[in-house]
Amino acid sequence: MSAALDLKVYERRRNPRYEAWKCGFIYTRRKTPLHCFIENVAETGAWLKLARAAALPARFTLLVPEDEVVLECRAVRHEGRHVGVEFIGGPRCSRDIKL
């Protein structure tokens, strides 16, 4: 079996993910945002690394200052300080939103 076929079998996501390495902030009902790193991103979701261990609600808001984007997210996978998220709806411009 070729390496390309092995990769195709291993990669089961609908959309490919791309390395991002950007800073982000998770907003919940708490007043203080939680700092995170966006390790990779796809059209439909992302893989985040939390700056510190924290319990997250099922849904939260992700701010990506570098891109001036706000995304509503749903947590779909937890692995230590990592969280896999699915985006709910499309991105919004952070300049138009008060968090």
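Participant: Hey, could you go over the pairing of strand S2 (residues 34-41) for me, with residue numbers and the actual values?
Facilitator: A regular strand places its side chains so that they alternate between the two faces of the sheet. Two strands pair when backbone bridges link them, and strand S1 (residues 18-27) and S2 are joined in this way by 7 bridges, in the antiparallel orientation. If you follow Lys22 over to S2, its bridge partner there is Ile38. Counting the residues in the hairpin turn of S2 and strand S3 (residues 45-50) gives 3 residues.

Participant: Lay out the sheet that holds S3 in plain terms, naming residues and giving numbers.
Facilitator: The antiparallel closed barrel is built from 6 strands, whose spatial order is S1-S2-S3-S6-S5-S4. Sheet twist, expressed as the mean angle between neighbouring strand axes with direction ignored, is 45°.

Participant: Tell me about the environment of Val85, residues and numbers included.
Facilitator: The topology assignment puts Val85 in strand S6 (residues 82-93). Val85 sits in the buried class, given a relative accessible area of 2%. Sequence separation of Val85 and Gly45 is 40 residues, and the distance between their C-alpha atoms is 5.3 Å. Other than its neighbours up to four places away in sequence, Val85 contacts Arg17, Thr44, Gly45, Ala46, Leu48, Phe60, Cys73, Arg74, Ala75 and Val76.

Participant: An account of empty space enclosed by the protein is requested, with residue identities and associated values reported.
Facilitator: Taken as a whole, this structure holds 1 cavity of 30 Å³ or more when the rule is applied. In this structure, the largest cavity encloses a volume near 40 Å³. Together, Ile26, Thr28, Arg30, Thr32, Leu34, Ala55 and Leu56 line the largest cavity. Counted by class, the lining of the largest cavity contains 4 nonpolar, 2 polar and 1 charged residues.

Participant: Go over the pattern of salt bridges, please, and point to the residues and values.
Facilitator: Throughout the structure, instances matching the rule amount to 4 salt bridges. Taking the shortest distance from any N to any O, the salt bridge between Glu72 and Arg92 comes out at 2.5 Å. Highlighted residues: Glu72 in strand S5 (residues 69-79) and Arg92 in strand S6, separated in sequence by 20 residues. The class of Glu72 is partly exposed, set by a relative accessible area of 29%.

The rules behind the values
- Residues numbered from 1 in each chain as written.
- Predicted model: local features only at pLDDT ≥ 70, side-chain atom pairs only at ≥ 80, totals over all residues.
- Heavy atoms only, no water.
- Pairing = 2+ DSSP bridges.
- Helix = DSSP H or I, 4+ residues; strand = E, 2+ residues; numbered from the N terminus.
- Axes fitted to C-alpha atoms, helices over the stretch in contact; angles between N-to-C directions.
- Buried < 20%, exposed > 50% of the residue type's maximum accessible area, 1.4 Å probe, protein only.
- Contact = heavy atoms within 4.5 Å.
- 1 Å grid on protein atoms, 1.4 Å probe; cavity = no way out; pocket = protein on both sides within 12 Å on 5 of 7 lines; lining within 4 Å.
- Points joined across faces, edges and corners; volume = space filled by probe spheres on them.
- Nonpolar A, V, L, I, M, F, W, Y, C, P; charged D, E, K, R; others polar.
- Salt bridge = Lys/Arg side-chain N within 4 Å of Asp/Glu carboxyl O.

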